[in-house]
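# Observations on the model geometry
Letter by letter, the chains look like this.
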There are 2 protein chains.
Amino acid sequence: MNIAVRWMGTPLGSVVMRQTRLELERIRAARGVIDPVFLGSPLFESGALGARLGCTVQVKLEMANPVRSFKGRGTELVADGLVRGGERRVVCASAGNLGLALAWSARRRGVEVAVVASRFAPEVKLDGIRALGARLELVDGDHELARERAVGIAQYDGIRLLEDSLDIETCEGAGTIGLELVESGVAFDVVLVALGGGAMATGIGQVLKELAPGVEVVCVQPEGAPAMTRSWRERRVVSTESAKTIADGVAGRFPIAEVLSDLLVVADDAVLVREESIVEGVRMMLHDAGLVVEPSAALGIAAMLEDPERFAGRRVVTVVCGGNVDMDSYYRWIA
Amino acid sequence: MNIAVRWMGTPLGSVVMRQTRLELERIRAARGVIDPVFLGSPLFESGALGARLGCTVQVKLEMANPVRSFKGRGTELVADGLVRGGERRVVCASAGNLGLALAWSARRRGVEVAVVASRFAPEVKLDGIRALGARLELVDGDHELARERAVGIAQYDGIRLLEDSLDIETCEGAGTIGLELVESGVAFDVVLVALGGGAMATGIGQVLKELAPGVEVVCVQPEGAPAMTRSWRERRVVSTESAKTIADGVAGRFPIAEVLSDLLVVADDAVLVREESIVEGVRMMLHDAGLVVEPSAALGIAAMLEDPERFAGRRVVTVVCGGNVDMDSYYRWIA
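Residues numbered from 1 in each chain as written. Chains lettered and ligands numbered in written order. Predicted model: local features only at pLDDT ≥ 70, side-chain atom pairs only at ≥ 80, totals over all residues. Heavy atoms only, no water.

## Brief notes about the overall build of chain A
Secondary structure summary: chain A contains 14 helices and 14 strands in total. The C-alpha atoms of chain A give 19 Å as radius of gyration, which agrees with the globular expectation for 335 residues (20 Å, within 12%). Projecting the C-alpha coordinates of chain A onto the three principal axes gives extents of approximately 55 × 50 × 40 Å. Partitioning the contacts of chain A with sequence separation of at least 6, the portion at a separation of at least 24 is 72%. Counting every atom, chain A has about 12500 Å² of accessible surface; 50% of that belongs to carbon and sulfur. Taken together, the 37 basic and 45 acidic charged side chains of chain A have centroids lying 2 Å from each other. (Helix = DSSP H or I, 4+ residues; strand = E, 2+ residues; numbered from the N terminus. Rg over C-alpha atoms; globule rule 2.2 N^0.38 Å. Contact = heavy atoms within 4.5 Å. Areas by Shrake-Rupley, 256 points an atom, 1.4 Å probe, with all protein chains shown as cover. Lys, Arg positive; Asp, Glu negative; His and termini not counted. Charge placed at Lys NZ, Arg CZ, Asp CG, Glu CD.)

The structure is reproduced here in structure tokens:
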């Protein structure tokens, strides 16, 4: 989809246009395919969070659904496409939430799912994947090793490989969050989006840049897993040797070039936050908003904590992207 | 609104009709008045809760909004009515959530609010009421003393007294939850509703009896605050000397005759649950569904825990009516 680049506040229209892989019309159409249980997620102001952070905080709550994350929006599109194409098997690598959502979307359509995950992924995510009847294979390494292994399975078995952020359904599915924000009637200045592979950031960013170009789209990633943020800043793919963060949902090391290219068009900024800020964000979400969130979903709060002046007095939306946590870890964070 | 009494499965139509004060058409119309932030609350299956309880559990989540309870549905109607009637002041007694919601609805309409509450109400509710700019008066006694005091203020100041469950807006506002359940496309056999004064139970019950009469409406109240349940069973108002329960949102002692009369028409059953089951329900909501709920919102889980055979294999909706808890108490419950 073309996006008009604004220069000095003036849309230059067809003079300067930059391409992404995402299409607004497909994002709109996606809402007719995605199960309504994933759509129309709550958007509400948390007075307590706002008072604490010195700005207006609107929470877009993406965990009040059967898989407790936003990933169902994308996997619904994937599973629907598989069925329409006569395919009955799919494999993906997942930090947990994608696999969970894919297992949910596939089961009700009679599609067989294999998920490859790190054995260090949260038990709650792995248990959920098993409970939904998917085949779960664990690798003794991180998410990047799981990605390699999933590629191998897809090739060997000759089945569809779902690749998060690369496969456009994952981005455009997440883009429906952007539509809901724009259509909510709520006024906001900034949207904070957790950044991992980039599906959610490109999806939401695409819609906002097209329909609400005045809104700032800020991606937030942990300092311990900064590959995509560094790539965005250097405008080229930068990999990292390791990814070390409690925000397991966004702990990738190898950004995908096509996704980076889109993100360069639709994101206004990408910032890194410290682990202690993420933990404090998790705590604040519980104490001030009564929400049990996974660390990736607290990245927005972490960004506000680290740079209060940037957000002071502004109307901020933070996308609470998931709530799957192991309670043992969770109790340590909130203690 | 007339409700056709079914006899041997056959609607008797106009032959035998029983009256309630609620009107389905007004409940439908209410959706045009209530701020959308309170409408369309999530309804989703919790696989983990279902696995644990041996049935299908659908959660209707009424706390993902700025006041973290369902009460905004009713207070929106009240505040709208005040403004249309040219009234600018209102007083209510509240266990906390009604006052919080009324303060929210009134503030944005320029209506002055006074709330009378027990000084034993959760701090988070009292702080929230103050933060929204309402005048808060605390009584050194329980909710019934607060009700008396609110009557006094209304008479002395000559302002509108909002009475929870008696004032039809509070029941019909809650009734919009019933509409959303019916329109969700989700199939269910039983709805579990927390029972306090009766606003939520009569509102949801009314809609279900009219639009989905095959669904069983089961009210759940703590053994420690059983007044309305006893009244429902004896078909006459039964008061209690005391109300002792951690479920502060439903701790009334003096049922209102008009509400009981409606409840007798629309509720299929009213059950009492033990305090330890409520605590276990609060715990399960956290551990299995990642939801921080106040005890009143765990009453449905408590009912399933106490009578598993009744619910085995059935499709159950439990209305999670609020999430305002003091964290100190909460940590004790989940410890």
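## Some words on the pairing of strand β9 (residues 135-139) of chain B
Residues and elements named next belong to chain B. As paired elements, strand β8 (residues 112-118) and β9 share five bridges and run parallel to each other. For Ser118, the partnering residue across the bridge sits in β9 and is Val139. Regarding topology, helix α5 (residues 123-131) serves as the crossover connection from β8 to the parallel β9, and that connection is right-handed. (Pairing = 2+ DSSP bridges. Right-handed = clockwise from strand over helix to strand, strands pointing away.)

## Focus on the UniProt feature "domain: Tryptophan synthase beta chain-like PALP" (unreviewed entry) in chain A
Under the UniProt annotation, "domain: Tryptophan synthase beta chain-like PALP" (unreviewed entry) lies at residues 39-322 of chain A. In the segment residues 39-322 of chain A, helix accounts for 45% and strand for 18%; the C-alpha atoms at its two ends are 14 Å apart. (UniProt positions renumbered as here; feature names shortened; annotations may be inferred.)

## As for the sheet that holds strand β11 (residues 190-194) of chain A
Residue and element names in this part refer to chain A. Overall, mixed pairing links the six strands, which are arranged β5-β6-β14-β11-β12-β13 in an open sheet. Two strands close off the open sheet at either side, each with one partner strand: β5 (43-45) and β13 (269-273). Across the sheet, the mean angle separating the axes of adjacent strands is 25 degrees when strand polarity is ignored. When strand β6 (residues 56-61) meets strand β14 (residues 315-320), the two strands line up parallel, connected through six bridges. Paired with Gln58 across the strands is Val317, a residue of β14. Contacts from helix α9 (residues 227-234) reach β12 (216-222) and β13, with the element oriented near 140 degrees to β13. (Axes fitted to C-alpha atoms, helices over the stretch in contact; angles between N-to-C directions.)

## Some points on the environment of Asp35(A)
Considering the arrangement of structural elements, one finds Asp35(A) in the loop between α1 (24-30) and β5. Between the alpha carbons of Asp35(A) and Thr176(A) there is a distance of 12 Å; along the sequence they are 141 residues apart.

## Brief notes about the confidence of the model for chain A
Of all residues in chain A, 95% have pLDDT values of 70 or greater, and the mean over the chain is 95. Segment residues 5-17 of chain A is flagged for pLDDT under 50; beyond a separation of four residues in sequence, or across chains, it makes 14 contacts in the model. (pLDDT = per-residue confidence, 0-100.)

## Regarding the interface of chain A and chain B
The interface is formed by 20 residues belonging to chain A together with 20 residues belonging to chain B. For the pair chain A and chain B, the summed buried surface comes to about 1500 Å²; carbon and sulfur atoms form 65% of the total. At the boundary of chain A and chain B, one finds zero salt bridges. Where chain A meets chain B, there are six residue pairs in polar contact (both at pLDDT 80 or more). Mapped by element, the contributors of at least two residues to the side of chain A that touches chain B are β5, α11 (275-289) and α14 (327-334) of chain A. Partitioning the side of chain A that touches chain B into residue classes produces 14 nonpolar, four polar and two charged. (Buried area = accessible area lost by both parts, 1.4 Å probe. Salt bridge = Lys/Arg side-chain N within 4 Å of Asp/Glu carboxyl O. Polar contact = N/O pair within 3.5 Å; in protein donor to acceptor, adjacent residues only side chain to side chain. Nonpolar A, V, L, I, M, F, W, Y, C, P; charged D, E, K, R; others polar.)

## What about the pairing of β8(B)?
Among the seven residues in β8(B), six count as buried, and that is most of the element. Tracing the backbone out of strand β7 (residues 89-93) of chain B, into helix α4 (residues 97-107) of chain B and back to the parallel element β8(B) gives a crossover that is right-handed. (Buried < 20%, exposed > 50% of the residue type's maximum accessible area, 1.4 Å probe, protein only.)

## Thoughts on α14(A)
Each turn of an α-helix holds 3.6 residues, which means side chains three or four residues apart point in the same direction. Here α14(A) has its buried residues at Met327(A), Ser329(A), Tyr330(A), Trp333(A) and Ile334(A). Projected onto a plane normal to the axis of α14(A), the buried residues spread over an arc of 155 degrees and lie on a single side. For α14(A), the exposed residues lying more than 90 degrees away from the buried face are Asp328(A) and Arg332(A). Buried-residue contacts for α14(A) involve α11 of chain A together with α11 (275-289) and α14 (327-334) of chain B. (Arc of directions from axis to C-beta.)

## Let's talk about the sheet that holds β9(B)
Residues and elements named next belong to chain B. With parallel pairing, four strands are arranged side by side in an open sheet as β9-β8-β7-β10. Of all the strands in the sheet, the pair left with one neighbour each is β9 and β10 (160-162). On average, each strand axis in the sheet is inclined to that of its neighbour by 20 degrees, with strand direction left out of account. Across three bridges, β7 lies against β10 in parallel orientation. Each bridged residue has a counterpart across the sheet, and for Val91 the counterpart in β10 is Leu161. Packed on one face of the sheet, α4 meets β7, β8 and β10 and runs near 165 degrees to β7.

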